[in-house]
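Now for the letters of each chain:
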Amino acid sequence: MSLIYRRRPNQPSIAHVLQDYLGEISPFARRVDRRLLAPPLILLKTIEWAIYRWYKTPIRRFYGVKGNELIYMITSRCTDRCAKCGIWKTPESARDHLPVAHFIDCLNRLHENLYQLTITGGEPLEYSDDLLAIAGVAGNLQVPMLIVTNGVLLTERFLRTYAGLGHTLVISLDTMDRAKWADYRGRDHYDLVMGNIALARTILGGKLRIQSVLAAETREDIPRVKAFCDAHSIPHITQLYMDFGGSWHSAGGAPDSGLACAARKNICIYPNGDVVKCFDHRRIPLAKEPLGNIAKEDIISILCKKRSTEVSKVMKTCNFPCKQLLCNTPTFPYGA
């Protein structure tokens, strides 16, 4: 019974509970054709609503237990100036960077719904201490975590601490050709990154992954990267190129499967704490503005907003190029 009555200060208000109830019951009542059956059916629906409302986190009705990926773009700052990406062009200021305590609170609130936590950037290791703090909490909550990095800032200290927490590290690698490296990355640090990959493989073992972006520019490079990974027993993942402000070109992708966009179940957070359903969903007019900000609102209150639900509904049938991204595949092959 304590689960019913234990209320936190930032939980949804009574007015929100009433709005949630009416939003669930009213459409249901309108679908009942036989008026005589309406009262008993509404009563049963009310009982169902109450069970989900009070005994489970409200968002489970929308997403399901372990049905979400939480994706945190911890920063847009980056050591590299990759041609494939434009995120580094607009780094957030120190004033606009979310204090890590807000994200950890968000993670604590959502962990029962998460099958995976992904941290990306920019370059996430710009905030290596924050990453380790988050990784420690994720480990305690039994939420698998992975970091996507360009490999430049990896250190033995970070790798050994991270390895001890049991999470996965993904290093971006688009070419094995030293001559192309500076053109692809905007920085000439081939030897540094390749050395860090070797170090990460030694320390992380099976928890290391390598990811390549398949674009028109890298079509000939990807087989060599995969051969390198196979030779060193490192799982390799290929991500089709998406234009996020870069200058590369699409290599063409698999035709749309016709399936609903699974990314509607994602919870994405920008460096300043703004919450969206996917980092590319602002193509949807209803989603041009963020759903809320975890520095100002409780994440569950944000996800229970009507607009959040409506955006998810639109994403079921949207057919934008971003459906090619791996985040549209639940439990995609980053995990163990």
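About the criteria used
Residues numbered from 1 in each chain as written. Predicted model: local features only at pLDDT ≥ 70, side-chain atom pairs only at ≥ 80, totals over all residues. Heavy atoms only, no water. Patch = residues over 30% accessible without salt bridge, like charges linked within 9 Å, V, L, I, M, F, W, Y side chains within 5 Å. Areas by Shrake-Rupley, 256 points an atom, 1.4 Å probe, with all protein chains shown as cover. Salt bridge = Lys/Arg side-chain N within 4 Å of Asp/Glu carboxyl O. Helix = DSSP H or I, 4+ residues; strand = E, 2+ residues; numbered from the N terminus. Buried < 20%, exposed > 50% of the residue type's maximum accessible area, 1.4 Å probe, protein only. Pairing = 2+ DSSP bridges. Contact = heavy atoms within 4.5 Å. Axes fitted to C-alpha atoms, helices over the stretch in contact; angles between N-to-C directions. Right-handed = clockwise from strand over helix to strand, strands pointing away. Parallel < 35°, antiparallel > 145°, perpendicular 65-115°, else oblique. Left-handed = near helix turned anticlockwise from the far one by under 90°. Nonpolar A, V, L, I, M, F, W, Y, C, P; charged D, E, K, R; others polar. Lys, Arg positive; Asp, Glu negative; His and termini not counted. Polar contact = N/O pair within 3.5 Å; in protein donor to acceptor, adjacent residues only side chain to side chain. Expected span 1.5 Å × (residues − 1).

Undergrad: What should I look at first to understand a nonpolar patch on the surface in this one?
TA: A cluster of nonpolar side chains, namely L37, L41, L43, L44, I47 and I51, defines an oily patch on the protein surface of about 540 Å² accessible area. With respect to the secondary-structure elements, I51 resides in helix 3 (residues 38-55). For I51, a relative accessible area of 46% translates into the label partly exposed.

Undergrad: Can you help me understand the sheet that holds strand 2 (residues 114-120) in this one?
TA: Within a beta sheet, neighbouring strands are joined by backbone hydrogen bonds and run either parallel or antiparallel to one another. Read from one edge to the other, the open sheet built from nine strands follows the order 6-5-4-3-2-1-7-8-9, with strand pairing classed as mixed. With partners counted over all chains shown, the strands left at the sheet margins are strand 6 (236-240) and strand 9 (292-293), one partner each. Of the pairings in the sheet, the one linking strand 4 (residues 168-172) to strand 5 (residues 208-214) comprises four bridges and is parallel in character. The residue bridging L169 from the neighbouring strand is L208, located in strand 5. Along the sheet, helix 9 (residues 190-204) makes contact with strand 4 and strand 5, crossing strand 5 at roughly 140°.

Undergrad: When you look at the pairing of strand 2 in this model, what are you seeing that I'm missing?
TA: Sheet faces and side chains relate simply in a regular strand, where the side chains alternate between the two faces. Taking burial as the measure, the seven residues of strand 2 include seven buried ones, the bulk of the element. Of the strand pairs in this sheet, strand 1 (residues 68-73) and strand 2 are connected by six bridges, and their pairing is parallel. When the bridges of strand 2 are listed, I71 appears paired with T118. With respect to chirality, the unit in which strand 1 leads through helix 5 (residues 100-110) into the neighbouring parallel strand 2 is right-handed. In this structure, strand 2 lies alongside strand 3 (residues 145-149), joined through three bridges in parallel fashion. Bridge pairing in strand 3 links T118 to L146. Crossover connection from strand 2 via helix 6 (residues 128-140) to parallel strand 3: handedness right-handed.

Undergrad: Just to check I follow, could you spell out the packing of helix 5 against helix 6 for this structure?
TA: Geometrically, a packed helix pair is captured by the angle between its two axes and the distance between the axes. Following both chains from N to C, one finds helix 5 and helix 6 inclined at 20°, their axes separated by 10 Å at the closest point. Between helix 5 and helix 6, the crossing angle belongs to the class labelled roughly parallel. Handedness of the helix 5/helix 6 crossing: right-handed. Contacts from V100, F103, I104, L107 and N108 of helix 5 reach helix 6 at D130, A133, I134, V137 and A138. Of the residues contributing to the contact of helix 5 with helix 6, the split by class is eight nonpolar, one polar and one charged.

Undergrad: How should the side chain of E123 be read in this particular structure?
TA: By the secondary structure assignment, E123 is in the loop between strand 2 and helix 6. Salt bridges are absent for the buried E123, whose nearest opposite-charge side chain, R185, sits at 7.3 Å. A polar contact of 2.8 Å, which involves the side chain of E123, links it to the backbone nitrogen of N150. With residues near it in sequence (within four places) discarded, E123 still touches T75, R77, C78, T79, T149, N150, G151 and L153.

Undergrad: Would you mind showing me how to read helix 9 here?
TA: Each α-helix winds once per 3.6 residues, and so residues spaced three or four apart point in a common direction. The end-to-end C-alpha separation of helix 9 is 21 Å, in line with the 21 Å expected for 15 residues at 1.5 Å each. Taken as a whole, helix 9 has its buried residues at Y190, V193, M194, N196, I197, A200, I203 and L204. Contacts from the buried residues of helix 9 go to helix 7 (156-165), strand 4, helix 8 (178-185), strand 5 and helix 10 (222-231). Looking one or two residues past helix 9, G205 carries a phi angle of roughly 60°, positive in sign.

Undergrad: Hey, could you run me through the environment of F28 in this one?
TA: By the secondary structure assignment, F28 is in helix 2 (residues 14-30). Separated by 14 residues in the primary sequence, F28 and I42 place their C-alpha atoms 7.8 Å from one another. Discounting chain neighbours no more than four positions away, the residues touching F28 are L41, I42 and K45.

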